[in-house]
Amino acid sequence: MSRIVVTGANGKTGRVVVADLLEHGHEVVATDAVGPAGHLSIPELGVPLLVADLTEYGQAFEVLQGAEAVVHLANIPAPGMYTPATTFNRNTAMNANVFLAAQAAGLGRVVWSSSETTLGLPFDTPPRYAPVDEEHFPLPTTTYALSKVVGETLAREISGWSGIPFVGLRLSNVHVPADYAAVPGYWADPHARKWNLWGYVDARDVAQACRLALTATVRGATSYVIAAADTVMDRPSADLIREVFPGVPLTRELGEFETLLAIDRARDVLGYAPAHSWRDHVAP
Ligand SMILES: NC(=O)c1ccc[n+]([C@@H]2O[C@H](COP(=O)([O-])OP(=O)(O)OC[C@H]3O[C@@H](n4cnc5c(N)ncnc54)[C@H](O)[C@@H]3O)[C@@H](O)[C@H]2O)c1
């Protein structure tokens, strides 16, 4: 792959993804609705920033011209930031526009950020089983999660029409190293982060997943849970399930601190191997 458009490039995840792709020799077109104040580039990455609002199809079409692939990260990234309808409408417009523009521009691949929220978060209704995997879908409880479920439907249909492989990454809660100082604060109350089964993912591992997804041997539209290999907690994962979700069956023996958001499919198909943990930054 050479010329790759990254949308949401000025965001928390996008900056790390752009840095990783550049390090691995790709040519990156970085685009976002807003750049760092006063700049037409992302200074610390040394790349120009193309400002485009992807809720407009024409802008999505133009930014994809000449690209071989897109890593599409631009979205409102959580429920509660905007009104529910705005979150759904903007995310769905962005995803439909980028996917249709990818078809029109003849791209070779679309990699994009779906979300763990499609799997039943915040688990006010307990999961049917644990670890939760790709089959625990679709269970959206917010318009944000619904926008990702609709995005996955759009991906499946547009992939079928166009033949373009679409890789959806159901990202867990993205952490950068500065976020790890808060992790010990999660330990006292096992209910505090039951909303995503104590999951997280390091942004550098998201970048790895995006990069691998650009070249993995896949067809059609497929989706993968992308989480860290461990939880944010300092107590065993099986104990957490027994205490907080009694009656939820474990489908297999778990490693002591093993993630309860199963990453087996990403490991098997994409070659994903998370390399970062809060444990490298904060003493357990
Ligand atoms: N942060 C998380 O924990 C998390 C978890 C699961 C999935 N995701 C998904 O990962 C992606 C990146 O999330 P993030 O945490 O980096 O969010 P972020 O808000 O830091 O980055 C998203 C970027 O999208 C841009 N954007 C928003 N509206 C736009 C528009 N109309 N046109 C063009 N660009 C627009 C924003 O300016 C922003 O820079 C999103 O799709 C999000 O839904 C994030």
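Above this text sits the structure in question.
Nothing here was measured: the structure is a model prediction, and the numbers come from that model.

Engineer: Tell me about the overall build of the chain, residues and numbers included.
Structural biologist: A count of helical and extended segments in the chain gives seven helices and 10 strands. Since a compact globule built from 284 residues should have a radius of gyration of about 19 Å, the 18 Å found for the chain is in line with a globular shape. Per-residue burial over the chain gives 52% buried out of 284 residues. Summed over all atoms, the accessible surface of the chain reaches about 11600 Å², with 55% contributed by carbon and sulfur. Computed over 20 positive and 30 negative side-chain charges, the inter-centroid distance for the chain is 3 Å.

Engineer: Describe a nonpolar patch on the surface, listing the residues and the values that go with them.
Structural biologist: On the surface, Tyr57, Leu100 and Trp161 cluster together into a nonpolar patch covering about 320 Å² of accessible area. With respect to the secondary-structure elements, Trp161 resides in helix H4 (residues 143-162).

Engineer: I'd love a proper account of the site of the ligand, names of residues and values included.
Structural biologist: Around the ligand, a shell composed of 27 residues is seen, among which Lys12, Asp32, Ser113, Tyr144 and Val174 lie nearest. One of the backbone nitrogen or oxygen atoms of Gly11 is found 3.4 Å away from an oxygen atom of the ligand. At a separation of 2.5 Å, an oxygen atom of the ligand approaches a polar side-chain atom of Asp32. Calculation on the ligand without its partners gives an accessible area of 830 Å², and the protein chains cover 85% of this total. At the level of elements, helix H1 (12-23), strand S6 (109-115) and H4 are the ones that each hand at least two residues to the shell around the ligand. The element contributing the most residues to the shell around the ligand is S6, with three residues. Partitioning the shell around the ligand into residue classes produces 12 nonpolar, 11 polar and four charged.

Engineer: A description of the pattern of salt bridges should follow, citing residues and the corresponding values.
Structural biologist: Summed over all chains, the structure comprises 14 salt bridges. The salt bridge involving Asp20 is made with Arg211; its shortest N-O contact spans 2.6 Å. Of this pair, Asp20 sits in helix H1 while Arg211 sits in helix H5 (residues 203-215), and the two are 191 residues apart along the sequence. Across this residue pair, the class does not change: Asp20 and Arg211 are buried. Where Asp202 meets Arg204, a salt bridge forms, and the shortest distance between an N and an O atom there is 2.8 Å. One connected set of salt bridges, linked through shared partners, spans Glu134, Glu135 and Arg265.

What counts and what doesn't
Residues numbered from 1 in each chain as written. Predicted model: local features only at pLDDT ≥ 70, side-chain atom pairs only at ≥ 80, totals over all residues. Heavy atoms only, no water. Helix = DSSP H or I, 4+ residues; strand = E, 2+ residues; numbered from the N terminus. Rg over C-alpha atoms; globule rule 2.2 N^0.38 Å. Buried < 20%, exposed > 50% of the residue type's maximum accessible area, 1.4 Å probe, protein only. Areas by Shrake-Rupley, 256 points an atom, 1.4 Å probe, with all protein chains shown as cover. Lys, Arg positive; Asp, Glu negative; His and termini not counted. Charge placed at Lys NZ, Arg CZ, Asp CG, Glu CD. Patch = residues over 30% accessible without salt bridge, like charges linked within 9 Å, V, L, I, M, F, W, Y side chains within 5 Å. Salt bridge = Lys/Arg side-chain N within 4 Å of Asp/Glu carboxyl O. Near = heavy atom within 4 Å. Polar contact = N/O pair within 3.5 Å; in protein donor to acceptor, adjacent residues only side chain to side chain. Nonpolar A, V, L, I, M, F, W, Y, C, P; charged D, E, K, R; others polar.

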